[in-house]
Amino acid sequence: MKYTKLSFIFLCLLLTLSACGDVPASADAASPPAGAAEAGSLQDTGDPAMLDLFSMDTFMSFQAYGADAESALSNVSAMITSLDSQLSVTNESSEIYQVNHASGASVTLSGATADLLSKALALGRNTDGALELTSYPLSRLWGFTTGEYQIPTQSQIDSLLPLVDDSQITLSDQTVTIPKGAQLDLGAVAKGYAGDQAAEILQSHGVSSALLNLGSSTIHAIGPKPDGSDWRIAIQDPEDTSAYAGVVSISDRSVNTSGGYERYFEGEDGKIYWHILDPKTGYPADSGLRSVTILSDSALTGDGLSTALFVMGLDKAVSYWQDNGGFDFILITADGEIYLTEGAEACFSPLGKYVNAPLHVIRHAD
Ligand code: ADP
Ligand code: MG
């Protein structure tokens, strides 16, 4: 609940931010937007068309401009609702639930789920084990799936680690097979995939300006604002969820953030344990990073990489970017320092205590 409440407050702040194009400052920015409580309601406000939706365990909000924007958003709503019902790890009729309970047998997926799985596996393959969709048994053990948190014993973790290995997933067209005992969770990439699919639907309806907020950690912009200016997206301060670390000005790009503050608990030992796990150790990723923001064309890529780079830590994240490119990042370390690529520097303005924070610009190696 803590998670969804925080997401909701941040969502409201973001909406105000993008609506006025100004830096968030006032407390009244946290009041809910009209209609937001009515999950799935379409608002006929003329220009822009608006959609508020509760899906994938978070509040989503979309604004789109164009003559056909309203019916496009209606299709977006149906697409995300359907995707959510197929990807749920707890809904017994979902495709992922069936895969996770097939005891090693093959399961035939819908086109969308197979497409997502294939793209996510391709992305993860390149991350040296930082993004493993088979991390779900570990998430369950820690209680991140139910809120019944516990610090597991080392032997409990060790018994699950052999199951956390995406190379054991076989996907052939729409048929997937995973070993008995292994379990999938597409939570690290689902919102990003939904963002890409939503953008495709909107663009096919002639929408060339829209802001898709899939729960504050995944924001996808189609085009610029209708007046041609950039969207301004706030990045949360990972140490203080009521404050911002900065703002990025973007058009036609995705902004995905992963942070330890999204879902966590304090253990009996007084330590904080968060929901992004290092698949190699079975423990919450302790890489020295507090948040990772990825700027990318594809929301799926940004969503997956924000999780993966959070696990990798600073040095590996920089190497990954230098080797692969195709995106920008903004990393905030536990020391409150910011590391960002040259492309991110061009559109990032620090806020609050980060105005005076050390800012390190990462450039492509010559
Ligand atoms: P959020 O969903 O909070 O925006 P992320 O996109 O970073 O955050 O995804 C985190 C989710 O991904 C976790 O809740 C869990 O379901 C799953 N997960 C955690 N660690 C990993 C990992 N190393 N690889 C793949 N999935 C992970
Ligand atoms: Mg992610």
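Before reading further, recall that the structure is shown in the block above.
Notes on the structure in this doc start here. Predicted model only: the values in this text are computed from it and were never measured.

Quick notes on the rules
Residues numbered from 1 in each chain as written. Chains lettered and ligands numbered in written order. Predicted model: local features only at pLDDT ≥ 70, side-chain atom pairs only at ≥ 80, totals over all residues. Heavy atoms only, no water. Helix = DSSP H or I, 4+ residues; strand = E, 2+ residues; numbered from the N terminus. Expected span 1.5 Å × (residues − 1). Buried < 20%, exposed > 50% of the residue type's maximum accessible area, 1.4 Å probe, protein only. Contact = heavy atoms within 4.5 Å. Polar contact = N/O pair within 3.5 Å; in protein donor to acceptor, adjacent residues only side chain to side chain. Pairing = 2+ DSSP bridges. Near = heavy atom within 4 Å. Areas by Shrake-Rupley, 256 points an atom, 1.4 Å probe, with all protein chains shown as cover. Donors = N, O, S within 2.8 Å, 3.2 Å for Na, K, Ca; no water. Phe/Tyr/Trp six-rings, centres within 6.5 Å; stacked < 30°, edge-to-face > 60°. Axes fitted to C-alpha atoms, helices over the stretch in contact; angles between N-to-C directions. Parallel < 35°, antiparallel > 145°, perpendicular 65-115°, else oblique. Left-handed = near helix turned anticlockwise from the far one by under 90°.

1. Some words on helix α4 (residues 111–125)
Thought 1: Between the first and last C-alpha of α4 there are 21 Å, a value that for 15 residues agrees with the 21 Å anticipated at 1.5 Å per step.
Thought 2: Within α4, the full set of buried residues consists of Thr113, Ala114, Leu116, Leu117, Ala120, Leu121, Leu123 and Gly124.
Thought 3: Where α4 is buried, its residues touch α2 (69–87), α3 (95–100), β5 (170–172), β6 (175–177), α7 (190–204) and α8 (299–312).

2. Considerations on the environment of Ser159
Thought 1: Note that Ser159 resides in helix α6 (residues 154–160).
Thought 2: From its side chain, Ser159 meets the backbone oxygen of Gln156 in a polar contact 2.7 Å long.

3. Notes on the pairing of strand β14 (residues 289–296)
Thought 1: Counting buried residues along β14, seven of its eight residues qualify, which places the element largely inside the surrounding structure.
Thought 2: Of the strand pairs in this sheet, strand β11 (residues 254–259) and β14 are connected by six bridges, and their pairing is antiparallel. From the neighbouring strand, Gly259 faces β14, where its bridge partner is Ser291.

4. Digging into the site of ligand 1
Thought 1: Near ligand 1 lie 19 residues; those nearest to it are Asp185, Ser217, Ser258, Leu277 and Thr307.
Thought 2: Thr307 is positioned such that a nitrogen or oxygen atom in its side chain is 2.7 Å from an oxygen atom of ligand 1.
Thought 3: Computed on the free molecule, ligand 1 has an accessible area of 570 Å², of which 93% lies beneath the protein chains in the complex.

5. Comments concerning the coordination of the magnesium ion (ligand 2)
The reference angle at a metal is 109.5 degrees if four donors form a tetrahedron and 90 or 180 degrees if six donors form an octahedron.
Thought 1: Summarising the metal site, the magnesium ion (ligand 2) is bound by the protein donors Ala188 (O), Asp303 (O), Asp303 (OD) and Thr307 (OG1), whose distances to it range over 2.2 to 2.5 Å.
Thought 2: Exposure remark for Asp303: the relative accessible area of 7% places this residue in the buried category.
Thought 3: Residue Thr307 is classed as buried on the basis of its relative accessible area of 13%.

6. Some thoughts on the packing of aromatic side chains
Thought 1: Enumeration according to the criterion identifies twelve aromatic pairs in this entry.
Thought 2: Seen in terms of ring centroids, Trp142 and Phe265 are 6.4 Å apart; in terms of plane orientation they differ by 50 degrees. Their pairing is tilted. Residue Trp142 is located in helix α5 (residues 136–142), and its partner Phe265 is located in strand β12 (residues 264–266); the two are separated by 123 residues in the primary sequence.
Thought 3: The exposure class assigned to Trp142 is buried, which follows from its relative accessible area of 0%.
Thought 4: Relative accessible area serves as the criterion here: at 8%, Phe265 is assigned to the buried category.
Thought 5: Members of the aromatic cluster, each reached through a chain of ring pairs, are Trp142, Phe144, Tyr149, Phe265, Tyr273 and Tyr283.

7. Side note on the packing of α4 against α8
Thought 1: Here α4 crosses α8 at 50 degrees, and the two axes come no closer than 10 Å. When the interaxial angle is binned, α4 and α8 end up oblique. Considering how the two elements wind past one another, α4 and α8 form a crossing that is right-handed. Contacts between α4 and α8 involve Leu116, Lys119 and Leu123 from the first element and Leu300, Thr301, Gly304 and Leu305 from the second.

8. What about the environment of Ala334?
Thought 1: Here Ala334 shows up in the loop between β15 (328–333) and β16 (338–341).
Thought 2: Overall, Ala334 belongs to the partly exposed group, its relative accessible area being 36%.
Thought 3: Between the C-alpha atoms of Ala334 and Gly288, which are 46 residues apart in sequence, the distance is 5.5 Å.
Thought 4: Sequence-distant contacts of Ala334, defined by excluding residues within four places in its chain, comprise Glu239, Gly288 and Arg290.

These values are about where atoms sit, not about what they do.
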